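# Topology and contacts: notes
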Amino acid sequence: MKVVRDTWLIFERSMFLTLRNPVWIIVGLLQPFLYLVLFGPLLKSIAESTPGFPPGGAFNIFVPGLLIQIALFGAAFVGFGLISEMRSGVVERMRVTPLSRFAMLLGRALRDVVILDVQALVLIVLALPFGLKIDPAGLLVALSLLSLIGLTMAPLSYTLALILKNEDALAPVVTTISLPLLLLSGILLPLTLAPDWLQTLAKINPLSHAVDAIRALFNGHFGDPSVGFGVALMAILAILALAVASRTFGRSAA
Amino acid sequence: MTTQTRTIDPAAESVIRTRDLRKTFTGRGGAVEAVKGVDLDVRAGEIFGFLGPNGAGKTTTLRMLATLIPPTSGEATVAGVDLLRNPGQVRERIGYVAQGGGSDPLMTGRGELVIQARLFGMSRKQAEVRAAEVLAALDLADAAGRTTGTYSGGMRRRLDIGMGIVHQPKLLFLDEPTTGLDPQARANLWDEVRKLRDNGTTVFLTTHYLEEADILCDRVAIIDHGTIVAEGTPIELKRAIAGDVVTLGISEHERVLSLARAESYVREANDQDEDGLVRLYVDDGDRALPQLLRLLDGAGLSPQTIALSRPSLDDVFLRKTGRSLRETAA
């Protein structure tokens, strides 16, 4: 099918260009890694002495949050790469070919998903010595969930890039959106510790449900209602984000 | 400067045909009519130049024809396809080279050509073969494995053109193809464009360089404020407004003038300028000059100096718009 072939072409090209400059993949891992090493041990002692901390090891609570952070920030900033491709004229050049507009988007978004899944795996392996215990099947579902977050955030970032067209405008918008999303997902400390109003606010944030789902999955609790809900919610959001972004790709005079 | 002697078959099919093509941009500042009803007929196998100052509507028109922005109204057929109904099919049949180019500085020239060919449906094998052909044709074979970030301006421009023709389109759009190039690179690029034309590709280009329109293009449309003010071959356009001028440094003005005025090919003759020279306005200077020399020789008159000057496309622009393109263009 043409869309599949086109998507593969764009994926292949994007991945090639990303791997030519792999330093960004490492930079993207650096922040979660520092949280793991420099903040995680603090959390461990808090977890043992704090009433209301959810059950499970401290790192089983903490690492899912870091994974969300990777997915959120990794994907939220992909628009910057698109802006540089717009500036070099590559996007416009490809718009005057039979290339499917959806493939222009999906090929790039899938590259982003693969990168963030690899980053997530690296972080998980690094977290094992700290005492992270994971259910292998749960890990697979968790990675799928992270992929869905990537497939939501990356298209949104691309949409903003196509509309705003320059880095100076994109940076504050992306930061303004992603920071509250991150804080309200309970990634550093579980939201069970939060006051009611904060918990209510967090429930509106889809990412908090994703964090809950990943925590349950790491503990092997597939039957936990948060798993089905988190996956379904993120799947719907990913479809919506892809639909919006592919419309923008089709229309925009990049 | 060379003169065009190439003739275009008027019956050749139109590769681009537009009727009352318009584009209005609506933004915060209200509506701006960038293109106000353009009628174009670009014939197969010609280099068609769209000449005008910056902001005249050249690029907007080209971007509409290349499917990048939808027209506000009007009709257009591009490469045999209805542009408004079926932009997707137009894209399969045209090549497009933007003013700023379109290569990634981290990709090699070969890599860019291969992916471009694959975007047009070629297999990896076919794309590699075709990329090698294009690299050789554009004299880029030695630089094929280098990243385009290391290319000179002229090389990058040739690669851009290579990407525009990798799928062998019948019609190629070039937006300001030589802007920013040094004279040597510009001359090289003109040669490449002529080669494409000679191989049967129709080329539609925009330019604000008078020389480029005059020397390179078979036919030219002059656009100003979104409207076409003149269209034809550069020679026709120039002749229509002024004709060529033969300037003679010679004595016995009265005899020269009366002799010249009796000739059918001399439109006007005078010596009213204070430089003491005789000016003869003729339709076709190339033909008139030898005849004039014979005429003067036969009458026993011999000029000390003789010069033939032709009106430039700037004179055409000046006549049609009241402004000089040299002043208007950046």
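Attention in this report is confined to the structure presented alongside it. (Residues numbered from 1 in each chain as written. Chains lettered and ligands numbered in written order. Predicted model: local features only at pLDDT ≥ 70, side-chain atom pairs only at ≥ 80, totals over all residues.)

Here the focus is helix H2 (residues 23–49) of chain A. Residues and elements named next belong to chain A. Counted at 1.5 Å a residue, the expected span for H2 with its 27 residues is 39 Å, and the 39 Å between its end C-alpha atoms agrees. The sharpest bend along H2 measures roughly 45° and falls at Phe-39, with the proline Pro-41 sitting one to four residues further on. Looking at H2, one finds that the buried residues are Leu-29, Pro-32, Leu-36, Leu-43 and Ala-47. Looking at the buried residues of H2, the elements they touch are helix H3 (58–76) and helix H6 (101–127). (Helix = DSSP H or I, 4+ residues; strand = E, 2+ residues; numbered from the N terminus. Expected span 1.5 Å × (residues − 1). Bend = angle between axes of the 7 residues up to and from the residue. Buried ≥ 20, exposed ≤ 12 C-beta atoms within 10 Å, placed from the backbone. Contact = placed C-beta atoms within 7 Å.)

Moving on, we come to the packing of H6 of chain A against helix H7 (residues 136–164) of chain A. Residue and element names in this part refer to chain A. Taken N-terminus to C-terminus, the directions of H6 and H7 make an angle of 135°; their axes are 9 Å apart at the nearest point. Between H6 and H7, the angle falls in the class oblique. Regarding H6 and H7, the two cross each other, and that crossing is right-handed. Residues Leu-105, Arg-108, Ala-109, Asp-112, Val-113, Leu-116, Asp-117 and Ala-120 of H6 form the contact with H7, whose participating residues are Leu-143, Leu-146, Ser-147, Gly-150, Leu-151, Ala-154, Pro-155 and Tyr-158. The residue inventory of the contact of H6 with H7, partitioned by class, reads 11 nonpolar, 2 polar and 3 charged. (Axes fitted to C-alpha atoms, helices over the stretch in contact; angles between N-to-C directions. Parallel < 35°, antiparallel > 145°, perpendicular 65-115°, else oblique. Left-handed = near helix turned anticlockwise from the far one by under 90°. Nonpolar A, V, L, I, M, F, W, Y, C, P; charged D, E, K, R; others polar.)

Counting 146 residues, the largest nonpolar core has Leu-67, Ala-71 and Ile-149 of chain A together with Phe-173 of chain B as its most contacted members. When neighbours within four sequence positions are excluded, Ala-71 of chain A is seen to be in contact with Leu-116, Leu-146, Ile-149, Gly-150 and Met-153 of chain A. Ranked by size, the runner-up nonpolar core spans 12 residues in total, among them Leu-248, Ala-269, Ala-288 and Leu-296 of chain B. (Core = buried A, V, L, I, M, F, W, Y, C linked by C-beta atoms within 7 Å.)

Once that is clear, we can look at the interface of chain B and chain A. Contact residues are listed per partner, giving 23 residues for chain B and 17 residues for chain A. Looking at the side of chain B that touches chain A, the elements with two or more residues in it are helix H2 (87–93), strand S6 (94–97) and helix H3 (109–119) of chain B. Here the side of chain B that touches chain A is built from residues that sort into 12 nonpolar, 7 polar and 4 charged.

Before going further, it helps to examine the sheet that holds strand S1 (residues 14–27) of chain B. Residues and elements named next belong to chain B. Read from one edge to the other, the open sheet built from 4 strands follows the order S2-S1-S4-S5, with strand pairing classed as antiparallel. Only two strands of the sheet have a single partner each, and these edge strands are strand S2 (30–43) and strand S5 (81–82). As paired elements, S1 and S2 share 11 bridges and run antiparallel to each other. Of the residues in S2, the one forming a bridge with Lys-23 is Val-35. (Pairing = 2+ DSSP bridges.)

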